[in-house]
Amino acid sequence: MIQFGILAQIAFRNLFSNFLNVVIGGIVFVGTLLFVVGSSMLNSMDSAMSKSIIGSVSGHIQVYSSKSKDELALFGHFNEPDISEIPDFSIIKPALMEIENIKSVIPMGVNGAQVSYGNTLDVVLEKLRKAENKKRRGGHSIELKDQIESYKNHVRQIVSIIQKDFANLSVLSEARSEDSESVIALRKANSADFWKSFDNDPLGHLEFLENKIAFLIPDSDFYSIGYVGTDLDSFKKDFDRMEIVDGQMVPQGQRGLLLSKFVYEHQFKMKSAQRMDDIKEAIENRHSKIAKDTDLKFLIKQNKMQTREIIFQLDPISTNKLIKLLQTLLKSQETELASLLSGFFDVNDENFLERYRFFYSDIAPLVDLYRIRPGDMLTIKAFTKTGYIQSVNIKVYGTFQFKGLEKSGLAGGLSLMDLVSFRDLYGYLTPEKLLETKQLKKATGAKIIDRDKAEEELFGDSGSSIVSTTKQVNIDEKKELGVIQTIDTSINRIYSQSEIDKGVVLNAAIILKDPSKIKETMAKINEVSSKNHLDLKVVNWQKAAGFIGQFVGVAKVILYLVVFIIFIVALVIINNAVMMATLQRTKEIGTMRALGAQRSFVLSMILIETVILGLTFGLFGTIAGSFIVKLLGHYGFPAMNDFLYFFFSGPRLFPTLGAGSVFGAMAIIIIVTVISALYPALVAARVSPLTAMQAEE
Amino acid sequence: MKNMKKYNMIKITAIYCLMQVALYAEPLSKSKMVEVLRGIDVRIRSSGDYKSLVYIEQREKGKADQVREALVYRRDADEKMMILFTKPKTESGKGYLRIDKNLWFYDPTVGKWERRTERERIGGTDSRRQDFDQSNLAGEYEPEFEGEEKLGKYNVWVLKLTAKPGVDVAYPVVKFWVDKETGNDLKRQDFALSGKLMRTEYTPKWSKLYSESKKADLWYRQEIRIYDEIDKGNSTLVIIKSVDLQALPENIFTKAWLESKSR
């Protein structure tokens, strides 16, 4: 102990005695600092991301069919994963709920669908057609009559705008001659006679507008939406980060859709409004200046050019109202709404906020800011598992988001749908459907011919004649058509829990009572699955998330690799530096040996000196690293993009200093310094007093 | 030796000339090619109404086969066509309605009409509207002669068809194999604008029946086999099972008529 004290004193005395020691210390300082800050960041990120994944859709554990060709990837995969169905959720749920640590099992199925809208005129004509059909079925209310008149006025307004556009185009282009079919059709559709006779034959007039006029507008919309089909009540109860933003929760047991707020704002909102929002965010959050920012200038240019989006939505009364409002705001005598709107959207740094406020206070109430509103019916269409196209009408009850992940496109990429509608769109191939296909094929008896052999088999010597003569037959339409089946998509029907549970799902989320026992629970699920022949594959949240879940693991490997390389370099440098320092001290060591110092004393002296050097500078590095972590923990590290927002589980990451980071850093320093000092220490221990004394000054 | 060389030269020249003659034997003039295309259009065109029962089978790699039956209605004089799916039960009542430049899709499940394009995959299969409708090859495409060849045991002309400017067709470039004897096309390959081969279609069976209104034979492609060249292994088979040329209801080509079928 006394000897260790002496050696420690010598070590501290020599700490700054040599420039080489400062170099060694510098390397240790940087490596330790990097390790402490990096590992603290990644550990905090890991913990934050687990909250994002577990809290948004995956739960602690996911189960899916072991017959699946691909692995489950809830947050996307490079290709759409091929996941086999779990044929009946009502069988697996009770079996899994018997496991003690399982709090709940939530059925799921991730799928994608399309929502398409015709162009603006198609949309208004569709509304008019529905209202006319309602009238034909006996609707005589004043509201319906007013509604029909309003739609008719709106259509007339759009037709007159198209006619003006065509007139302008015909000036520019000879192709649009006065005689063209479309110009004649437009003249007819905009004539007083046409609208006077509309009520005599509304459907005939609608067909004319739909087929001769509507296709002239090219602004149809098409959206893709990803969704999780689930038991919405269980989902809301168990994923407590979920909150309704607009509208309401789907009533218990009913069909319905909750759109992700992120998707709602980014896909269903009017484009010019989105651009105004984007400009505002850039000015307020990124302190951008319109005058200097080319991206913002581009957004303004788009808004100035694409005013039709607003104009087509307005009926004559709203058009006049907006013209007056804009004339007053812009102090202009212009009477064309397109020019006024273009002038309105020509914003600069001085007037932007005023125009932004005007847009939402005066323009927005006159138009539909969103393609769909909570309470509306949405027609969504998906390619079923069997390849057919299936559509369902589904009521949009509202929008939702996950607390803390409001701006994350990853967490907000999926909307939520009731399980019954999900199953309709998924189109599970039931034994009845299979049998029907088989019967149809058998009745026709068509021969299958491979692509490679097609020409030989169809046109070769063995092929049958290419021409035949037939006689016409009477095709009985009623017999062929039979009774048309439609899906019961009644929005008021309440499905019982057993109806919701009974049927196909793709995966299920499992919420645990004690998340720390995840490994034991997974083993138990595997046991239950094989015992009951459930054919389930069990994965933790990290694996279920797909490549996103592996991100932090990969980042950790990269960090450790960088730190490892730094310390390997440090090891070599320290080894050389200590070796040089030892050689410089040959006389000193020889004298110590002559005075009776044992080899073990010299060995210990070099080792302790190096370790103390490493620990001292390592401690400085750890303190500096801890200080940085503390600072970041206080102010937060900003999420600069959507991915980081998800990984940070919010707009900023607040890292915390873990004991593992500090002790890990110290352990690495001790190992590195001991290894690097071992050889020089052995060399020093072998120095004999005689050799040392014979050495030249 | 010299004579031998001379003889060989003459022989080579003669073979070369014969090959040239064989290769460019009777190249079709532009007007003749248009005539060939118009011949197909006229043969397929129906003067009166047309109704057929069609079977469509779609095969896709790794998926169960899809089978459909549909009724196809045509009134060629008015440029109108309708496909009404009848089987399987889940598809029954769905339909396409073509009026002029519009191709509408109707789904009775949701009671909604959707405007579709010429590129629409009919019922999600590899077939297109043109596979069921009347033909307007001479009006839509500009032909170019590519040569003659054998397709199995049949002698065929090979034409390259390029869509005329401003005409909306499913594929802008088509390679077309026409049987010299019957004038019917037996094979076509559809290309994207980039030159990528999209699908190959064979018509191994043509059928004809006498049309009173036309006072001539009405031809139709009785069997069409379509092979997807992008997703290799996917194919579609179209078979026209029967044809009925009786007059159709006057208002049949309207949205209201198709909607009424599912009420």
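Residues numbered from 1 in each chain as written. Chains lettered and ligands numbered in written order. Predicted model: local features only at pLDDT ≥ 70, side-chain atom pairs only at ≥ 80, totals over all residues. Heavy atoms only, no water.

Further remarks concern the overall build of chain A. Helix and strand counts for chain A come out as 29 helices and 13 strands. Taking the principal axes of its C-alpha atoms as reference, chain A extends roughly 125 × 75 × 60 Å. A buried classification covers 50% of the 697 residues belonging to chain A. Within chain A, counting contacts between residues at least 6 apart in sequence, those at least 24 apart form 77% of the total. Averaging the locations of the 78 positively and 77 negatively charged side chains of chain A gives two centres separated by 4 Å. (Helix = DSSP H or I, 4+ residues; strand = E, 2+ residues; numbered from the N terminus. Buried < 20%, exposed > 50% of the residue type's maximum accessible area, 1.4 Å probe, protein only. Contact = heavy atoms within 4.5 Å. Lys, Arg positive; Asp, Glu negative; His and termini not counted. Charge placed at Lys NZ, Arg CZ, Asp CG, Glu CD.)

Let's shift gears to the domain arrangement of chain A. Segmentation of chain A into domains returns domain 1 (2-51 + 550-686), domain 2 (67-117 + 220-269 + 376-440 + 494-534), domain 3 (119-219) and domain 4 (280-369). Placing a centre on the C-alpha atoms of domain 1 of chain A and another on those of domain 4 of chain A gives a separation of 59 Å. (Domains from an automatic or database assignment.)

Before going further, it helps to spend a moment on the pattern of salt bridges. All told, the structure shown has 65 salt bridges over all chains when counted by the stated rule. In this structure, Glu-181 of chain A engages Lys-212 of chain A in a salt bridge whose closest nitrogen and oxygen atoms are separated by 3.8 Å. Taken together, the residues span a long stretch of sequence, with Glu-181 of chain A in helix H6 (residues 181-189) and Lys-212 of chain A in helix H8 (residues 202-213) at a distance of 31 residues. Across the salt bridge formed by Arg-188 of chain B and Asp-190 of chain B, the nearest N and O atoms sit 2.8 Å from each other. You can call Arg-188 of chain B buried: its relative accessible area is 6%. (Salt bridge = Lys/Arg side-chain N within 4 Å of Asp/Glu carboxyl O.)

All names here are of chain A. Evaluated as defined, the whole model comprises 28 aromatic pairs over all chains. Judged by centre distance (6.4 Å) and plane angle (50 degrees), the rings of Phe-235 and Phe-402 are tilted. Within this pair, whereas Phe-235 is found in helix H9 (residues 232-238), its partner Phe-402 is found in strand E7 (residues 389-402), the two being separated by 167 residues in sequence. On the basis of relative accessibility, which here comes to 5%, the residue Phe-402 falls in the buried class. Ring geometry for Phe-345 and Phe-359: centres 6.0 Å apart, planes at 50 degrees, overall tilted. (Phe/Tyr/Trp six-rings, centres within 6.5 Å; stacked < 30°, edge-to-face > 60°.)

Let us look at the nonpolar core. Ranked by size, the top nonpolar core spans 196 residues in total, and within it Leu-96, Leu-209, Ile-213, Ile-310, Phe-359, Ile-380 and Phe-646 of chain A carry the most contacts. In terms of residue count, helix H2 (residues 19-58) of chain A provides more of this core than any other element does, 15 residues in total. Contact partners of Phe-646 of chain A, with chain neighbours within four places excluded, come to Met-49, Ser-52, Ile-53, Phe-75, Leu-405, Ser-408, Leu-410, Ala-411 and Ile-548 of chain A. Grouped together as the second largest cluster of nonpolar side chains are 35 residues, Ile-466 of chain A together with Leu-28, Met-33 and Tyr-202 of chain B included. (Core = buried A, V, L, I, M, F, W, Y, C linked by side-chain atoms within 4.5 Å.)

Residues and elements named next belong to chain A. Both faces of strand E5 (residues 257-260) are covered, namely the face carrying Leu-257 and Leu-259 and the face carrying Leu-258 and Ser-260. The sheet contact formed by E5 and E7 spans 4 bridges and is parallel. If you follow Leu-258 over to E7, its bridge partner there is Gly-398. Pairing geometry for E5 and strand E8 (residues 414-418), over 2 bridges, is antiparallel. Paired with Leu-257 across the strands is Met-417, a residue of E8. (Pairing = 2+ DSSP bridges.)

In this assembly, 66 residues from chain A lie in contact with 84 residues from chain B. Its largest share of buried area at the contact with chain B, chain A owes to Tyr-388, Phe-459 and Ile-466 of chain A, together 12% of the area lost on that side. Linking chain A with chain B are 11 salt bridges. With a closest N to O distance of 2.5 Å, Lys-441 of chain A and Asp-65 of chain B form a salt bridge. Taken together, chain A and chain B are joined by 40 residue pairs in polar contact (both at pLDDT 80 or more). Those elements giving two or more residues to the side of chain A that touches chain B turn out to be helix H4 (120-136), H8, strand E6 (377-383), E7, helix H18 (431-444), helix H19 (454-459), strand E9 (467-469) and helix H20 (477-481) of chain A. Per-element tally for the side of chain A that touches chain B: the top contributor is H18 of chain A, with 6 residues. Each residue belonging to the side of chain A that touches chain B can be placed in one class, and the counts come to 23 nonpolar, 23 polar and 20 charged. (Buried area = accessible area lost by both parts, 1.4 Å probe. Polar contact = N/O pair within 3.5 Å; in protein donor to acceptor, adjacent residues only side chain to side chain. Nonpolar A, V, L, I, M, F, W, Y, C, P; charged D, E, K, R; others polar.)

Every buried residue belonging to H6 of chain A is among Ser-182, Val-183, Ala-185, Leu-186 and Ala-189 of chain A, and all of these are buried. Seen end-on, H6 of chain A carries its buried residues on one side only, within an arc spanning 160 degrees. (Arc of directions from axis to C-beta.)

This brings us to unusual backbone geometry. Only a minority of non-glycine residues have a phi that is not negative, and only a minority of peptide bonds are not trans. Residue and element names in this part refer to chain B. Note the cis peptide between Lys-87 and Pro-88, where omega equals 0 degrees. Locating Pro-88 in the fold gives a position in the loop between strand E3 (80-87) and strand E4 (95-99). Even without a glycine there, the phi angle at Asp-100 is positive, about 55 degrees. Looking at the element boundaries, Asp-100 is found in the loop between E4 and strand E5 (102-107).

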